[in-house]
Amino acid sequence: MTDLLRPREMGQPHTRADGVAKVTGTASYAYEQKVDHPLYLYPVQATIARGRITGIDTAAAEACDGVAFVLTHENAARLASNDDLEYWVLQSGDVAYRGQFIGAVVAESFETARHAASLVRVDYAADPHDVVLRADHDDLYAPDHVNPWFPTDSVQGDVEAAFGDAAVTVDQTYTTPTEHHNPMEPHTTVAVWDDDGLTMYDSSQGVHWVKATMVPVFGLDADTLRVVSPYVGGGFGSKGMPHAHNVLAGLAARMAAGRPVKFTLTRQQMFGPAGHRTPTIQHIRLGAGADGRLTAIAHEVVEQTARFKEFAEQTAVATRLMYAAPNRRTTHRLARLDVPVPTWMRAPGETPGMFALEVAMDELAVACGLDPIELRVRNDPERDPESGLPWSSRGLVACLREGARRFGWESRDPTPGVRLRDGWLVGTGVASSTYPAGRLPGSAASIRSGGDGRYEVSIGAADIGTGTWTTLAQIAADALDVPLSAIDLRIGDTALPAASVAGGSTGMASWGSTVVAAARAFRERHGVDAPAGAEITAGMPDNPHQENFAMHAFGAQFAEVRVNADTGEVRVPRMLGVFAAGRIINPTTARSQFIGGMTMGLSMALFEESVLDPRFGHVVNHDFATYHIAAHADVADIDATWIDEDDPYVNPMGSKGIGEIGIVGAAAAVANATHHATGTRIRDLPITLDKLLR
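This structure is a prediction, so every number in the text was calculated from the model and none was measured.

## Digging into the overall build of the chain
Turning to step 1, where the next piece is worked out: Within the chain, the regular secondary structure consists of 15 helices and 29 strands.
Turning to step 2, where the next piece is worked out: Its C-alpha atoms give the chain principal-axis dimensions of roughly 75 × 70 × 50 Å.
Turning to step 3, where the next piece is worked out: For the chain, the proportion of contacts with a sequence separation of at least 24, taken over those separated by at least 6, is 82%.
Turning to step 4, where the next piece is worked out: Summed over all atoms, the accessible surface of the chain reaches about 25,400 Å², with 50% contributed by carbon and sulfur.
Turning to step 5, where the next piece is worked out: In the chain, the 58 positive side-chain charges and the 84 negative ones have mean positions that sit 3 Å from each other.

Dropping the structure here:
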């Protein structure tokens, strides 16, 4: 068994260590880093979806007062590596998608740069383009693997024979639209290129990842690039890896003769080169006996990638482990389109995949005449159906039972479309959620004694608003057996020991395991009365249980929906999430994470949809006025709680990631409640009134 930490500070609802700095405005985000005499960059973006530049006229822009220079593919410095074409910025006149960076104006003020950029004139030779995902694309292909390393397809048993013998079947197609990340802080890079090399103040979920990616692109020595990111105003996956804006800022800084260059994407520009969640077309078939026990599951996914770079989301992977069935098949197929490359977006794969699976399970429950919770309980597997490994812990049934008790599920009338209250049809729905409990390699941590009972703990981790400043310090305090007040945490800088990215709900498990290893090594070498200056650095140890157990977090989502009988307007007055996520390190920050995920799932269910104009290849609703996200008025009574779960195998803290499981299943719960309210089954997100009135 893993040598679990004895909790003292862990489990306590400490307030955020960075809370005061954030609410008083003294926390310096990337764009706010103090640099001397900065220049400001505004990009020029392609207005065709595919083709090449035949001419570019920058004279009018260069003539504007305050313009330092205009950067295009004709005068930009040559990059060192084109291994990843997303970063091959301003190296040719080729255009791969609308909104691609094809130039930049660098000026003394943001306003001047923006105005001058509008004066750049570009001529194109446009080629035919394709930007619409369809299931009948004749060039769909199977990628080598899906994000990050899962097999593309899976098969067990004889699926077709099992469907032929099934007493009850569900055979439906479900779709989710393109969605875009909209963190409060947009993507930002402040780049400074001087005699010592390149420094980037970047809004990033992983400074070391940015450094490792940018070093070969610019052809730098590793010790000449520093990336700093102490505070991040949200990321949701889009800041998990660098994008083209990092390269554009670096190219401008190289030309700026030592002056810093500030570059922030506008809200509209966030709908271009910064990534998106791929739309999905998902065909699900379920076969079961009359008692609702699954005999066959098939989940076939079609999604998109960019023509110039592949990203294959793992949409059907959760289906491989969620429910017991002897015959199962999952597939992923990609369409190469003339669009920006998709990327991670909160719980990539699980979020759209579990929407489809959990709505299909609700349809199966109706077809079998079973309560939706009872159907899920009957199909709860004793072991991971795909690997055959035992679970390190699996609290799904406990979450369903506890959620049912808290939500008042026992009084639910299963008949759809019969509860009309003051002109509103009322319904309730449930869905399961899951997310892997994993770690990423590559982290190290240093611990240094101040000699006065205080300890400096250093690791290049990130706090993207999740509470790392607080929770990682709690872990360090327990690992060193000192009060939380004795810990001075340093994060968010490549000058610190390497850390994995804050993504895949692996951050705290990876960094916490590393800090625990460093603390134990420190105590072993220096004892409890370490002198001032005593220091040690240690890497994340292997988990001896990783190959012996299937490790996942689970949860149950409940929603009440009200649909106006005349207008089709949908409201969600009540949501509840119950989760099994191992030891909760900080109840206050954990509850915020769960509720944040559920709110994002509500937004996915009812509002979020990036509408692409197929004629021109761009997102037309590229701002908060038209790309709707859940606002305060939409979020009524959302509650999140968890069951006590002891998992000694996942890591020394016994914790599982919680940043993403809160969104998984939330949209399905709302969709299932909508069916219960109206009798109309919505299989295509978002749930808008036109679909209900149809």
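## Focus: the pairing of strand E20 (residues 424-436)
Turning to step 1, where the next piece is worked out: Burial analysis of E20 places eleven of its 13 residues in the buried class, the great majority of the element.
Turning to step 2, where the next piece is worked out: Bridge count between strand E19 (residues 420-421) and E20: two bridges; the pairing is antiparallel. Within E20, the position partnered with Leu420 by the bridge is Leu425.
Turning to step 3, where the next piece is worked out: Connecting E19 to the next strand, E20, in antiparallel fashion are two residues, including Asp422 with a positive phi near 55°.
Turning to step 4, where the next piece is worked out: Both E20 and strand E25 (residues 550-564) contribute to a ladder of 13 bridges, which runs antiparallel. By the bridge assignment for E25, Gly429 is matched with Ala559.

## Overview of the packing of helix H8 (residues 350-368) against helix H14 (residues 666-678)
Turning to step 1, where the next piece is worked out: One can describe the packing of H8 onto H14 by two numbers: an axis separation of 8 Å at closest approach and a directional angle of 30°. Relative to H14, H8 is oriented so that their crossing is right-handed. Residues Met354, Phe355, Glu358, Val359, Asp362 and Val366 of H8 pack against Ala667, Ala668, Ala671, Asn672 and His675 of H14.
Turning to step 2, where the next piece is worked out: For the contact of H8 with H14, a count of residues per class yields seven nonpolar, two polar and two charged.

## A short note on the pattern of salt bridges
Turning to step 1, where the next piece is worked out: Per the counting criterion, the structure on display carries 40 salt bridges.
Turning to step 2, where the next piece is worked out: One salt bridge connects Lys309 with Glu86, and the closest N-O pair in it is separated by 2.6 Å. With Lys309 in the loop between strand E16 (294-306) and helix H7 (319-322) and Glu86 in the loop between strand E3 (67-72) and strand E4 (94-95), this pair connects stretches of sequence that are 223 residues apart.
Turning to step 3, where the next piece is worked out: In this structure, Asp413 and Arg419 form a salt bridge, with 3.9 Å as the shortest nitrogen-oxygen distance.
Turning to step 4, where the next piece is worked out: Judged by relative accessible area, which is 13%, Arg419 ranks as buried.
Turning to step 5, where the next piece is worked out: It is possible to trace a salt-bridge network through shared partners that takes in Glu160, Arg285, Glu300 and Arg329.

## Focus: the sheet that holds strand E13 (residues 225-228)
Turning to step 1, where the next piece is worked out: Ordered by their spatial adjacency, seven strands build an open sheet running E3-E5-E1-E14-E11-E12-E13, and the pairing between neighbours is mixed. Lying at the two open borders of the sheet, with one neighbouring strand each, are E3 and E13. Geometrically, the sheet is characterised by an average inter-axis angle of 20° between neighbouring strands, direction not taken into account.
Turning to step 2, where the next piece is worked out: In terms of strand pairing, strand E11 (residues 188-194) meets strand E12 (residues 197-202) through six bridges, oriented antiparallel. The residue bridging Asp194 from the neighbouring strand is Gly197, located in E12.

## Points about the packing of aromatic side chains
Turning to step 1, where the next piece is worked out: Under the criterion given, the structure shown has 15 aromatic pairs.
Turning to step 2, where the next piece is worked out: On the numbers, 5.7 Å between centres and 70° between planes, the contact of Tyr42 with Phe110 is edge-to-face. Taken as a pair, Tyr42 in strand E1 (residues 39-45) and Phe110 in helix H3 (residues 110-117) lie far apart in primary sequence, 68 residues in all.
Turning to step 3, where the next piece is worked out: Judged by its relative accessible area of 16%, Tyr42 is buried.
Turning to step 4, where the next piece is worked out: For Phe110, a relative accessible area of 18% translates into the label buried.
Turning to step 5, where the next piece is worked out: With centroids separated by 4.0 Å and ring planes inclined at 20°, the aromatic side chains of Phe549 and Tyr649 adopt a geometry described as stacked. With Phe549 in the loop between strand E24 (535-539) and E25 and Tyr649 in the loop between strand E29 (637-642) and H14, this residue pair connects regions lying 100 residues apart in the sequence.

## Some words on empty space enclosed by the protein
Turning to step 1, where the next piece is worked out: Scanning the model with the defined rule gives one cavity of 30 Å³ or more in all.
Turning to step 2, where the next piece is worked out: Empty space within the largest cavity amounts to approximately 30 Å³.
Turning to step 3, where the next piece is worked out: Lining the largest cavity are His187, Asp202, Ser203, Ser204, Val210, Lys239, Met241, Pro242, His245 and Asn246.
Turning to step 4, where the next piece is worked out: Here the residues of the lining of the largest cavity are counted per class, giving three nonpolar, five polar and two charged.

## Looking at the layout of surface pockets
Turning to step 1, where the next piece is worked out: In this structure, the second largest pocket occupies an estimated 900 Å³ of space.
Turning to step 2, where the next piece is worked out: If you go around the second largest pocket, you meet 43 residues; those closest to its centre are Val611, Leu612, Gly617, His618 and Val619.
Turning to step 3, where the next piece is worked out: Residue contributions to the lining of the second largest pocket peak at four residues, all from E1.
Turning to step 4, where the next piece is worked out: Across the lining of the second largest pocket, the residue classes break down as 19 nonpolar, 19 polar and five charged.

About the thresholds
- Residues numbered from 1 in each chain as written.
- Predicted model: local features only at pLDDT ≥ 70, side-chain atom pairs only at ≥ 80, totals over all residues.
- Heavy atoms only, no water.
- Helix = DSSP H or I, 4+ residues; strand = E, 2+ residues; numbered from the N terminus.
- Contact = heavy atoms within 4.5 Å.
- Areas by Shrake-Rupley, 256 points an atom, 1.4 Å probe, with all protein chains shown as cover.
- Lys, Arg positive; Asp, Glu negative; His and termini not counted.
- Charge placed at Lys NZ, Arg CZ, Asp CG, Glu CD.
- Buried < 20%, exposed > 50% of the residue type's maximum accessible area, 1.4 Å probe, protein only.
- Pairing = 2+ DSSP bridges.
- Axes fitted to C-alpha atoms, helices over the stretch in contact; angles between N-to-C directions.
- Left-handed = near helix turned anticlockwise from the far one by under 90°.
- Nonpolar A, V, L, I, M, F, W, Y, C, P; charged D, E, K, R; others polar.
- Salt bridge = Lys/Arg side-chain N within 4 Å of Asp/Glu carboxyl O.
- Phe/Tyr/Trp six-rings, centres within 6.5 Å; stacked < 30°, edge-to-face > 60°.
- 1 Å grid on protein atoms, 1.4 Å probe; cavity = no way out; pocket = protein on both sides within 12 Å on 5 of 7 lines; lining within 4 Å.
- Points joined across faces, edges and corners; volume = space filled by probe spheres on them.

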